[in-house]
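Summary of structural features
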Amino acid sequence: MTTAPTPVPASTPAAQSGGGAPGPVSPASASARTAKAPRPGRRRSGGSRAWLAALPLLLFFVIGFGLPAVAIAIGAFTTSTDAPDGGGTFTTDNLTGSLQGAYATALWGSVKLSLLTALIAVIVGLPLAQAVATSRFRMFREAVMSASGVLANFGGVPLAFMFVATLGNAGEVTKQLGLTKHGWSLYTFSGLSVVYLYFLVPLMVITITPALEGLKTQWREAASNNGATALQYWRHVALPVLLPSLLGGFVLLFGASFAAYATAEAMVGSSVPLISMQIGDALSGNVLVGQGNLALALGLDMIVVACLVMALYLPLQRRSAKWLA
């Protein structure tokens, strides 16, 4: 009587390579090992289609920003269609004219207004954001951050009307406090600066609060253990760390103030020279014959300034994120 041969157990990969003793392999463990094995083909196909998720954003950027920017750049270096020669010829007169006379004054007025309001907003917004970041009351923090989010996006004609009704020549606050007797006028450079601070200070609070929350308590404790006062801690530790964030916030506020149009147009009109007002007048037809593309050159000037602002803002944000991560 013959007996069936005894089956030989399959060896493990370690045994096949000489690195371990042979042992039986169950079907469950073999299937589990097979299921865990990566599939390079699937990963590559998924990664190759990942950019499709960003396609709507890319299309929006190209249509909403790219095409208008190209049209502005082309129009700034060509003659207008209402020019005597029919328009369409290359010229640099538009760009040269946008940097001379009243247009240069308006450009400098916008830069000066943006620098002043951004600097004041940084100085005022930093202690307010510090009060929010160190507050122990959750409701207070949420209320301030929610209000800042609303006020930072509140502008245009409603904002102008609110200030005209309160601080205008016939405003309630102006009459109650007799501000006109002290030389106050809302429709000046100073009055417009006060209006801009209404939305720039909340924007600064939103911008700098995450950076303040990134300051580690160990830094303050170490400074205190070494005998440093609160002023010395802020001077030698906190402010150097926050400097990139502060500069980034300043640049962001400068851009927001520089691009504002509706509030100034509704409140002061052309009494305060601003580049955005000049562009509005040019687009509405208040230009010389044959100089229609001068508005495009003014817009190109604003785009250049905005690009410089972003070129400064992005590296500052990366540097602050490295410190406060």
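Every value quoted in this text rests on a predicted model; they were computed, and no experiment measured them.

Definitions and limits used
- What you see as residue numbers is a count from 1 along each chain, following the sequence as written.
- In keeping with the predicted nature of the model, local features appear solely for residues at pLDDT of at least 70, side-chain atom pairs appear and are counted solely at 80 or more, and the whole-chain, interface and lining totals rest on all residues.
- Calculated side-chain values reflect all of the structure's heavy atoms, with hydrogen atoms and water omitted.
- Only buried residues count toward a nonpolar core, which is a set of Ala, Val, Leu, Ile, Met, Phe, Trp, Tyr and Cys residues joined through side-chain atoms within 4.5 Å.
- Each residue is assigned to one of three classes by its accessible area relative to the maximum for its type, calculated with a 1.4 Å probe on protein chains only: buried under 20%, partly exposed between the two thresholds, exposed over 50%.
- Each helix is a run of DSSP H or I of at least 4 residues and each strand a run of E of at least 2, with the numbering of both proceeding from the N terminus.
- Only heavy atoms enter the contact rule, under which two residues are in contact if any of them lie within 4.5 Å.
- Lining residues are defined by having an atom within 4 Å of a point belonging to a cavity or pocket. Those points lie on a 1 Å grid over the protein atoms alone, cavities being sets where a 1.4 Å probe fits but cannot get out and pockets being open sets with protein on both sides within 12 Å along at least five of seven lines.
- Grid points are joined across faces, edges and corners, and a volume is the space filled by probe spheres set on the points.
- Nonpolar residues are Ala, Val, Leu, Ile, Met, Phe, Trp, Tyr, Cys and Pro. Charged residues are Asp, Glu, Lys and Arg, and all others, Gly as well, are polar.
- Note on definitions: salt bridges are taken to be side-chain nitrogens of Lys or Arg within 4 Å of carboxyl oxygens of Asp or Glu.
- Polar contacts, as counted here, are pairs of nitrogen or oxygen atoms within 3.5 Å of one another; within protein the pair requires one atom able to donate a hydrogen and one able to accept it, and residues that are adjacent in sequence qualify only if both atoms are side-chain atoms.
- To get an axis, fit a line to the C-alpha atoms, keeping to the stretch in contact for a helix; angles then go from 0 to 180 degrees between the N-to-C directions.
- Roughly parallel refers to an angle under 35 degrees, roughly antiparallel to one over 145, roughly perpendicular to one between 65 and 115, and oblique to any angle outside these ranges.
- If you view the pair so one helix is near and one far, a crossing is left-handed when the near helix is turned anticlockwise from the far one by less than a right angle, and right-handed when it is turned clockwise.
- Only Phe, Tyr and Trp rings take part, Trp by its six-membered ring, and two of them pair if their centres are within 6.5 Å. Stacked means planes under 30 degrees apart, edge-to-face means over 60, and tilted covers everything else.
- Look at NZ for Lys and CZ for Arg. If either is within 6 Å of the ring centre and within 35 degrees of the ring normal, a charge sits over the ring.

1. Here we look at the nonpolar core
Core analysis: the largest hydrophobic core is formed by 50 residues, its most contacted members being Leu-192, Tyr-196, Ile-208, Leu-212, Leu-215, Phe-258 and Leu-274. Take this core: its biggest share by element is eleven residues, from helix H10 (residues 189–213). Apart from the residues within four sequence positions on either side, Leu-192 is in contact with Leu-113, Leu-186, Ala-264, Met-267, Val-268, Val-272 and Leu-274.

2. Points about empty space enclosed by the protein
Enumeration over the complete set of coordinates arrives at one cavity of 30 Å³ or more. As a volume, the largest cavity reaches approximately 40 Å³. For the largest cavity, the full set of lining residues is Ser-110, Leu-113, Ser-114, Tyr-196, Ser-257, Phe-258, Ala-260, Leu-274 and Ser-276. Ranked by residue count, the leading element in the lining of the largest cavity is helix H6 (residues 101–133), at three residues. A per-class count over the lining of the largest cavity returns five nonpolar, four polar and no charged.

3. Overview of the pattern of salt bridges
Where charged atoms from two side chains of opposite charge come close, those side chains can pair. Considering all chains together, one arrives at three salt bridges under this definition. Note that Arg-138 is salt-bridged to Glu-142, the shortest N-O span being 2.9 Å. With a gap of four residues between them, Arg-138 and Glu-142 both fall in helix H7 (residues 138–151), about one helical turn apart. The class of Arg-138 is exposed, set by a relative accessible area of 65%.

4. Thoughts on the layout of surface pockets
Rolled over the atoms, a probe with the dimensions of a water molecule shows which regions are left empty. Counted as a void, the largest pocket has a volume near 500 Å³. Taken together, 22 residues form the lining of the largest pocket, with Phe-65, Gly-299, Met-302, Ile-303 and Ala-306 sitting closest to its centre. It is helix H15 (residues 294–324) that provides the largest number of residues to the lining of the largest pocket, a total of ten residues. Taken together, the residues of the lining of the largest pocket break down into 20 nonpolar, two polar and no charged. In this structure, the second largest pocket occupies an estimated 190 Å³ of space. Elements with a minimum of two residues in the lining of the second largest pocket: H6, H10, helix H11 (217–225) and helix H12 (230–259). Classifying every residue of the lining of the second largest pocket gives five nonpolar, three polar and three charged.

5. What to know about the side chain of Thr-117
Structurally, Thr-117 can be placed in helix H6. A polar contact is formed between the side chain of Thr-117 and the side chain of Ser-257, at a distance of 3.2 Å. If near-sequence neighbours (up to four positions away) are discounted, Thr-117 is found in contact with Ser-193, Tyr-196, Leu-197, Leu-200 and Ser-257.

6. Quick notes on the packing of helix H8 (residues 157–167) against H10
For any two helices packed against each other, the geometry comes down to the angle between their axes and how far apart the axes lie. Put simply, H8 and H10 touch, their axes get as near as 11 Å, and they point 125° apart. Here H10 runs oblique to H8, going by the angle between their axes. Read as a crossing pair, H8 and H10 show a hand that is right-handed. Between H8 and H10, the residues in contact are Leu-159, Met-162 and Phe-163 and Val-194, Val-195, Tyr-198 and Phe-199, respectively. Here the contact of H8 with H10 is composed, by residue class, of seven nonpolar, no polar and no charged.

7. Quick notes on the packing of aromatic side chains
Scanning all chains against the criterion turns up seven aromatic pairs. Judged by centre distance (5.6 Å) and plane angle (90°), the rings of Phe-163 and Tyr-198 are edge-to-face. Taken together, the positions of Phe-163 in helix H8 and Tyr-198 in helix H10 put the pair 35 residues apart, joining distant regions of the chain. By relative accessible area, which is 8% here, Phe-163 ends up buried. Arranged with centres 5.8 Å apart and planes meeting at 10°, the rings of Phe-254 and Phe-258 form a pair that is stacked. With Phe-254 and Phe-258 both in helix H12 and four residues apart, this pair spans about one turn of that helix. Residue Phe-254 is classed as buried on the basis of its relative accessible area, which comes to 9%. Chaining the aromatic ring pairs together yields one cluster made of Phe-154, Phe-163 and Tyr-198. One cation-aromatic arrangement involves Lys-112 over Phe-189; the distance from NZ or CZ to the ring centre is 5.3 Å.

8. Considerations on the environment of Met-145
The topology assignment puts Met-145 in helix H7. In sequence terms Met-145 and Leu-203 are 58 residues apart; their C-alpha atoms lie 9.9 Å from each other. Once residues within four sequence positions are removed from consideration, Met-145 is found in contact with Val-132, Val-205, Ile-206 and Thr-209.

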